[in-house]
Amino acid sequence: MTQHENNTLPPKTCSVERMVTMEEDVKKVIAGEKTATRRNGRYADPGEIMTLEGHQFVVDKVYSQSLGELTDEDARREGFNNVEEYKQSILSIHPGMPWLPQMRVWVHEFSQVK
């Protein structure tokens, strides 16, 4: 993402420290099984560093995506086998939340700092 594209992102709605907080997700990130997270707000800018249990991860990309655009490959980056597994996990975390294909989320892709 170029600096110009980064300037077109809306303001963050939360901080990078809150991006990955669930213990199971933290373990997946550290193990390299989770390299993306989706949120209903923007939690980080590209280039920001997220620290989890002493391990550092750099945010590589931040972009908007609709739930209907999700692919099995996207779900694997989230640490799940397929979209349906990811969907069931999200709905179990957020009881009563509808899964609407047109609902937009912010994708945060990251990699471990070497």
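Per an unreviewed UniProt entry, the protein chain carries the name ASCH domain-containing protein and comes from Neobacillus rhizophilus.

Colleague: Would you take a moment to explain the nonpolar core for this structure?
Modeller: Inside soluble globular proteins, nonpolar side chains tend to come together where they are buried. Counting 15 residues, the largest nonpolar core has Met-19, Val-20, Val-29, Met-50, Leu-52 and Phe-110 as its most contacted members. Among the secondary structure elements, those contributing two or more residues to this core are helix H2 (23–30), strand S2 (49–52), strand S3 (55–66) and strand S4 (104–112). Take this core: its biggest share by element is three residues, from S3. Among all residues touching Met-50, those that are not within four sequence positions of it are Val-16, Met-19, Val-20, Val-29, His-55, Gln-56, Phe-57 and Phe-110. Listed in part, the eight residues of the second largest apolar core include Leu-67, Phe-80, Tyr-86 and Ile-90.

Colleague: Would you take a moment to explain helix H4 (residues 83–93) for this structure?
Modeller: Every α-helical turn comprises 3.6 residues, leaving residues that sit three or four positions apart pointing alike. Along H4, the positions that sit buried rather than exposed are Tyr-86, Ser-89 and Ile-90. The arc enclosing the buried residues of H4, seen along the axis, measures out at 95 degrees, which places them on a common side. Residues of H4 that are buried sit in contact with strand S1 (36–39) and helix H3 (72–77). The N-cap of H4, judged by a side-chain oxygen 3.2 Å from the amide nitrogen of Glu-84 a few residues on, is Asn-82.

Cut-off values and rules
Throughout, a residue's number is its position along its own chain's written sequence, starting from 1. It should be noted that, the model being predicted, local features are given only for residues of pLDDT at least 70 and side-chain atom pairs only at 80 or more, the latter also being counted only at that level, while totals for whole chains, interfaces and linings use all residues. Water and hydrogen atoms play no part in the side-chain values, which are based on all heavy atoms of the structure. Only buried residues count toward a nonpolar core. Its members are Ala, Val, Leu, Ile, Met, Phe, Trp, Tyr and Cys residues joined through side-chain atoms within 4.5 Å. Relative accessibility decides the category of a residue: with a 1.4 Å probe and only protein chains considered, values under 20% of the type maximum give buried, values over 50% give exposed, and everything between is partly exposed. Secondary structure elements follow DSSP: runs of H or I of four or more residues count as helices, runs of E of two or more count as strands, with numbering from the N terminus. In what follows, a contact means two residues having at least one pair of non-hydrogen atoms within 4.5 Å. Here, the arc refers to the directions that run from the helix axis to the C-beta atoms. Polar contact criterion, stated in full: a pair of N or O atoms within 3.5 Å, where within protein one must be able to donate a hydrogen and the other to accept it, and residues adjacent in sequence count only if both atoms are side-chain atoms.

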